[in-house]
Structures are given as structure tokens and as C-alpha cells.
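# Inside the fold
Listed here are the chains, written in short residue letters.
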Amino acid sequence: MTSTKQPPAPNGDESTSPLAGAGLPDPSGTRIVLIGAGRFNELHPLPATRRNVEDLADLITAAWNLPVANCTVLRDPASPRDLSRAVEEAAKEATDTLLVYYAGHGLIDWSGHFHLAVRSSERESVHDTAVPYAWVKEHIEKSRAERRIVILDCCYAARAFGLQSDSALFEVAGTYVLAAASETATAVSPPGEEFTAFTGALLAVLRNGIPGLPRYLDLDSIFRRLSKELTLRNRPRPSKQCRDHLGYTPFIRNAAYAPYGDASLSAVPAQQRPPSETSGTGTPPSYTSATSRADAVPRRTANISDDNPIQVMRRKAVRLVGLPAAALALLLGGYSLFSVSPEDSPQIRQIHGRKTINVGVKADQPGLASETAPGKWEGFEIDLAYNIAASLGFPRNKVEFEAVETKDRDRLLQNGTVDFVVATWTVDGPQATKARKHSTPLIFVGPYFKTSLSALVWETEKDAASIEGIDDIGEKYDSDRICTATGSTSEDYLNKKNIEHTAKPSYQQCWNDSKVFVVITDEIILAGLNQENDFRSETGNEVKKGHVIRLADTVESYGVGILAGDPIFEYLTCRAIPKDWESNVSANLEKMATEHLDKEWTRPTVKFPECSRLDAWKYKMRNFF
């Protein structure tokens, strides 16, 4: 089913629509959200969605020259709010183009309303376990983006058209919804194929292009080719709904286009026509629409030795207006000045100069952060580090992890060995307090997780049950039996309690020591330690193994350690902390904590930090002027 019909574009020519001269999306004002929901508690899995979003992210960011920080890839969102928040944040930031893609299960509740599935969704309780598409629609409508593109690869996707009614969809020009299936049809994820049917065909068109069409493909051209290819393969035929000729606006370079000397179309903001410029000696200017042709008035140029014309009028105008133009942009709310990006930070630019970003993490804390093989890292803090790196403009393949020990976290950050640290660093602990007062001071962005001090004891179940607190441990065990990490909050705690103990560089080294019966640290760390090292001793009917015992109602709040003095670095780090948080907890910590802490374990309630965009913007302005 398709909706509003648009007049066909002339064959072989660029579109004559008002938006045709807009060019490709402007990277600074573009935000994309790619959501792949493939893992579910009750619904059947869709593993191909992960490859969908990963390949789309690589392709689109490269095609649009898009900063990594402007692309959010959300894998297996755990809750409706996870998905909604990701769209909401991107919609608020986008001013040129907003692209929202979802691949997963499309669900319909008892009243016929269309929903997008997340991990916790239940087919019998769609209305309160899945994401109402109305939420997504509302965020998109409120966006300042001039181009809004929604791609839905799920069952019944065209039901989104019913919500995107004329009264809602057409309030603001420039919206395009591409659906993988009609209102009553199911989408397909063929067994054994690396992509779903619709997204696989979409990727093929974007990568291979369409022979015989112009330099840039528009969405309608892509839609027509998709319809043809999918119909030929006897797969569900896609549908579309569009507004204000957005279907004819350049979307991506046509890989199958045979160039014949046209000037390259650079990325410019939506609905802003590029000035016609001479493309070279003897080569007439290239026009992309009737409207841009009307503006093609002669300009006075100065030719230099390499035959590259420089527009004297433009350069003179820049010299004349200078700061007044910047001030005017401020008064009018110019996006480029009010926005904050990695390029605005001298520190982040310096890191980009060496091509990779170095992150300090623990290497032996399963569930949180561990190096499972040389160069292969996984865990909650690893995923968080990737999100922070992305917010700073670094893709996953440009992130280098450096194993740190508790006692060395501050030193390695202060001497520049690592650029930020995500390593169960308690923000109000003694090491953090000292680091704030150092001659090279640090600050801590967070919290990103909360836990409490506990003890991992190697005992029988009966003996473990008799231990009710730290005093019992102090009375029962000698100092060589009790261990914690050097420089940790737990070491400070034991010192204050006058409990004699042994200190080692890491908790893993404590637990590996045959003399040690008790390790003191945070319970979430101990859960991973116990899971990874299931030391058991059986003598008759007695079984000794690890038991985690909560010691007191302490609160350990983890934060990201960074160098003080760069509000932009701090702001971008702060913004990254909530992204994918619930999904990361579910994927890395939930099962481990439930099995090795308490059957009733629930994830902590974390009040994420407030991110001061104003401070970051002031810092940007100081550097700007």
C-alpha cells in the first residue's frame, strides 16, 4: 500500500522538485538512529537484525561523511523507554536530516494499535510491554529536522501510515516513511541469510546503485527498485508514504552512475541551494533543478595558477562580516554555534590526530570488563566505553583498551597513557578524592552504576550463613585470609574498621591465592569473580564454595574518570552514559548477578548525571572567539 502519489521525476535528469537542489544531508545537522531488536525474552529471535544495523551504520556514515557520534546504533533494546529515549535524543539534536530505522517484530495490540517490540515484549501484553509507534511519531514530529526519514523493517509496518495521518504527518514538510510490509503482511527474515529480506535488498541497492539513473539516488528511485527486486524474489512488497517531494531529494550517491565530468555535489544543509560554481575551464556549470538554474547569475571570480576559481565576492563578504555574522547567528539561534560536537574540543581533536582513543579498563572483572582473548574485550563497562568513544567521534575499530589496576588508574590517566577510565571507580572513594586535588586534577562523570560492599567467602553454606557482618569476618579469619585490592575503597573500609588484611593489585589475584578465604569489594565485582572461578572443595557431605555476603548498607557509585578542564569532553561523556544502559545491564550483568548474588536481585536505580550543555557551549565560544 502506498500513500500520497508524487509526479514522476524526468527520466535521466535530476528532479525538478523544490528540494532537489538540497544536496546530500549535512553531517553536522544530521542524526540517525538504527535499532536492531533481535533478542527477546518470549518472542522468537531475529539474529539478522544485528547485522542489519551494523552494515547500515557503516554504509550510511561513510556515504554521508557522518561523524560516528551522530549515529546511534541500538542493539536489542531491553525496555520501551530504551528505544523511545534513543529516538527522542536524536530528534532533538537533528536540524537537517533525521533517519530512524527499526528492524524487529511489529506487534498489534487488542485495539489494533501498532507497536515495535523490545526484549521484554510479550505477545499477550503488547500494550504495556512494547513501544507504541505513536511515541516514535511524536518525537519525529517535534524535531527541527527538515528531512525526516523512517524505515520500518517489521511485520505490519505500513500500519505506521495510519498513525502518520494527513493531520499529523503533513504538519511539517519533509517526511518519508518506508515500510517493509503492508498493514496485514509479515516481514521476512529468511533462515540462513545474514540480513532480513527487506534490509538485505535495501543494502544491495545502496551499495550497487541503479544503472541509468543520475549521480544521486532519491528515496523514490530506491523504493521502486526495492519493490521490483523483492517482488521478483516472491517476498513482501514494501510500501511508502511521503510528503513535499522528499522522495525526489538526493539521498545517496549512485554507485552505478557513469560520470561524465559533472561537478561534485557537496553536502549542504537541506533546502539550501549550493551556489553555481564554475566546474573548470571549458566546462559549463552543472545544475540540479529548475530553481537552482534560475539563480545562475554570473559571478566575478579570480583565477589562480591551478585553474581553481575563487569567488572574490564570497571571500570579501567573509572578511567584512566576520564577528558580526557570528553574533547575528547567536541572536537568531544558529545551530552550528549552539551545538556542541567533538570538533569543538582541542583535547578531542588532539586525540583524533593519533587516530585511536585509549581507554583504561579492568581486564579481569567478568560481566563488567574482561579480556577473554588477546584483543577481545567484553562486559558492561566495555560497552559503555564504546558508547562514550562513539560520542567523541571514534568508531569501535578505533578504540584501544588498556588494562589498568586499581592503584594505577589515576596515574595512567594523568600521564596521558589513557584518555578516559571506566574501571569500577567509586566517585567518592579515597583515590578519586585525592585525584581531584592532584596538580593534574581529574573529574568523574557519573554515576553510571551503583552497588554495595560485600564479601566473597570460601566456606560451606552453613558457615557462610553464620557470617552476618565485617566484625564476624575480623574475628574468624587471620589477616592473610582476608584480601582486597591496593588503593581501593574496600581497603579504606577495612582500615577504618581496624580489620587486618592482605592487599594485592587485583581482586582476581586475591581469589587465586590459596591462603585467601575472604575477598572484600563491591558485590557486582564479586558476582563475576565467583562465576568465573567456581572453586569447590568436597569432603564427604561438606561442600566449600564461594558465597557472596552483603556487609553493610554502603553505596558505591561508579564514575568515568577524565582530565579536568574540558567541559565539552565532560558533556559528551555525560550524554553517552544513559545510552543502551538497560540493554547493557541485561546483556552483561543480570544473569550473573541473579545466579551469584541473590535470586531476587534487581538492577540498581541510577540517577544519571545532568549534562551541562551550557558550560560546554561557553567553552566552545571561548575557543571560537
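Further up the page is the structure itself.
So, here is what we can say about the structure in this document. (Residues numbered from 1 in each chain as written. Predicted model: local features only at pLDDT ≥ 70, side-chain atom pairs only at ≥ 80, totals over all residues. Heavy atoms only, no water.)

## Brief notes about the overall build of the protein
Across its full length, the protein holds 23 helices and 27 strands. Burial statistics for the protein: of 625 residues in total, 53% are counted as buried. Residue pairs in contact within the protein that sit at least 24 positions apart in sequence constitute 75% of those at least 6 positions apart. Of the roughly 28,400 Å² of accessible surface on the protein, a fraction of 49% belongs to carbon and sulfur atoms. (Helix = DSSP H or I, 4+ residues; strand = E, 2+ residues; numbered from the N terminus. Buried < 20%, exposed > 50% of the residue type's maximum accessible area, 1.4 Å probe, protein only. Contact = heavy atoms within 4.5 Å. Areas by Shrake-Rupley, 256 points an atom, 1.4 Å probe, with all protein chains shown as cover.)

## Some words on helix α1 (residues 48-63)
For α1, with 16 residues, the first-to-last C-alpha span of 22 Å sits near the 22 Å given by 1.5 Å per residue. Looking only at α1, the buried set comprises Ala48, Thr49, Asn52, Val53, Asp55, Leu56, Ala57, Leu59, Ile60 and Thr61. Against β1 (30-36), β2 (71-75), β3 (97-103), β7 (147-153), α7 (197-208) and β11 (250-253) lie the buried residues of α1. Two residues or fewer after α1 comes Asn65, characterised by a positive phi angle close to 55 degrees. (Expected span 1.5 Å × (residues − 1).)

## Focus: the packing of α1 against α7
The geometry of α1 relative to α7 is characterised by a closest axis approach of 11 Å and an angle of 20 degrees between their N-to-C directions. When the axes of α1 and α7 are compared, the pair comes out roughly parallel. Relative to α7, the crossing made by α1 is left-handed. The segment α1 lies against α7, with Asn52, Asp55, Leu56 and Leu59 engaging Thr199, Leu202, Leu203, Leu206 and Arg207. Looking at side-chain class alone, the contact of α1 with α7 contains 5 nonpolar, 2 polar and 2 charged residues. (Axes fitted to C-alpha atoms, helices over the stretch in contact; angles between N-to-C directions. Parallel < 35°, antiparallel > 145°, perpendicular 65-115°, else oblique. Left-handed = near helix turned anticlockwise from the far one by under 90°. Nonpolar A, V, L, I, M, F, W, Y, C, P; charged D, E, K, R; others polar.)

## Description of the pattern of salt bridges
Following the criterion strictly, the structure yields 25 salt bridges and no others. Note that Lys240 is salt-bridged to Asp220, the shortest N-O span being 2.9 Å. Placement of Lys240 in strand β10 (residues 239-242) and of Asp220 in helix α8 (residues 219-232) is noted, with a sequence separation of 20 residues between them. The same class applies to Lys240 as to Asp220, namely buried. The partner of Lys504 in a salt bridge is Asp513, with the nearest N and O atoms 3.4 Å apart. A relative accessible area of 22% places Asp513 in the partly exposed class. Here the salt bridges do not stand alone but share partners, grouping Arg51, Asp55, Glu194 and Arg207 into one network. (Salt bridge = Lys/Arg side-chain N within 4 Å of Asp/Glu carboxyl O.)

## Notes on the sheet that holds strand β6 (residues 131-132)
Sheets are built from strands paired through backbone hydrogen bonds, the pairs being either parallel or antiparallel. Pairing is antiparallel across the open sheet formed by 3 strands, whose spatial order is β4-β5-β6. The open sheet has two edge strands, β4 (106-108) and β6, and neither has a second partner. Here strand β5 (residues 114-116) runs beside β6; their pairing, made up of 2 bridges, is antiparallel. Bridge pairing in β6 links His115 to Pro132. (Pairing = 2+ DSSP bridges.)

## Some details on empty space enclosed by the protein
The final tally for this structure, using the stated rule, is 6 cavities of 30 Å³ or more. The calculated volume of the largest cavity comes to roughly 110 Å³. As for the largest cavity, its lining consists of 18 residues, of which Arg409, Thr424, Thr426, Ser488 and Thr489 are closest to the centre. Contributions of two or more residues to the lining of the largest cavity are made by α15 (430-436), α18 (489-496) and β24 (518-522). (1 Å grid on protein atoms, 1.4 Å probe; cavity = no way out; pocket = protein on both sides within 12 Å on 5 of 7 lines; lining within 4 Å. Points joined across faces, edges and corners; volume = space filled by probe spheres on them.)

## Considering the nonpolar core
Phe420 and Ile473 are the most contacted members of the largest nonpolar core, which totals 79 residues. No other element matches the 7 residues that helix α13 (residues 380-391) contributes to this core. (Core = buried A, V, L, I, M, F, W, Y, C linked by side-chain atoms within 4.5 Å.)

## Some details on the environment of Asp553
Here Asp553 is to be found in the loop between β26 (542-550) and β27 (556-563). Separated by 100 residues in sequence, Asp553 and Leu453 place their C-alpha atoms 7.9 Å apart.

## Some remarks on the pairing of strand β20 (residues 442-451)
Among the 10 residues in β20, 7 count as buried, and that is most of the element. The pairing of β20 with β27 spans 7 bridges and is classified as antiparallel. Residue pairing for β27: Phe444 is matched across the bridge by Gly561.

## Side note on the packing of aromatic side chains
Inspection of every chain in the model, using the stated rule, returns 13 aromatic pairs. Ring geometry for Trp64 versus Phe251: centroids 5.3 Å apart, planes at 80 degrees, classification edge-to-face. A residue pair is termed long-range when its members are at least 10 positions apart, and Trp64 in the loop between α1 and β2 and Phe251 in strand β11 qualify at 187 residues. The burial state of Trp64 is the same as that of Phe251; both residues are buried. Ring centres 6.2 Å apart and planes at 25 degrees place the aromatic pair Phe449 and Tyr558 in the stacked group. (Phe/Tyr/Trp six-rings, centres within 6.5 Å; stacked < 30°, edge-to-face > 60°.)

## Concerning helix α12 (residues 346-353)
Three or more residues of α12 are buried, namely Gln347, Ile348 and Ile351. Across the axial projection of α12, the buried residues extend over an arc of 95 degrees, all falling on one side. The exposed set on the far side of α12, more than 90 degrees from its buried face, consists of Gln350 and Gly353. Residues of α12 that are buried in the fold lie against β14 (357-361), β27 and α21 (567-576). (Arc of directions from axis to C-beta.)

## Remarks on the state of the cysteines
Tallied over the entire structure, the rule returns 2 disulfides. With a sulfur-sulfur separation of 2.0 Å, Cys483 is cross-linked through a disulfide to Cys510. An S-S torsion of about -60 degrees defines the bridge between Cys483 and Cys510 as left-handed. Placement of the pair is Cys483 in strand β22 (residues 482-485) and Cys510 in helix α19 (residues 507-512), with a sequence separation of 27 residues. You can call Cys510 buried: its relative accessible area is 0%. Disulfide pairing is shown between Cys574 and Cys611; the S-S distance is 2.1 Å. Between Cys574 and Cys611 the sulfur-sulfur dihedral comes to about -85 degrees; the bridge is accordingly left-handed. With Cys574 in helix α21 and Cys611 in the loop between α22 (581-596) and α23 (613-624), the pair connects residues that are 37 residues apart, well separated along the chain. The class for Cys611 is partly exposed, based on a relative accessible area of 26%. Here Cys155 stays unpaired: no disulfide links it, and the sulfur of Cys154, its closest cysteine neighbor, is 6.9 Å away. According to the relative accessible area criterion, Cys155 is buried, its value standing at 15%. (Disulfide = S-S within 2.5 Å.)

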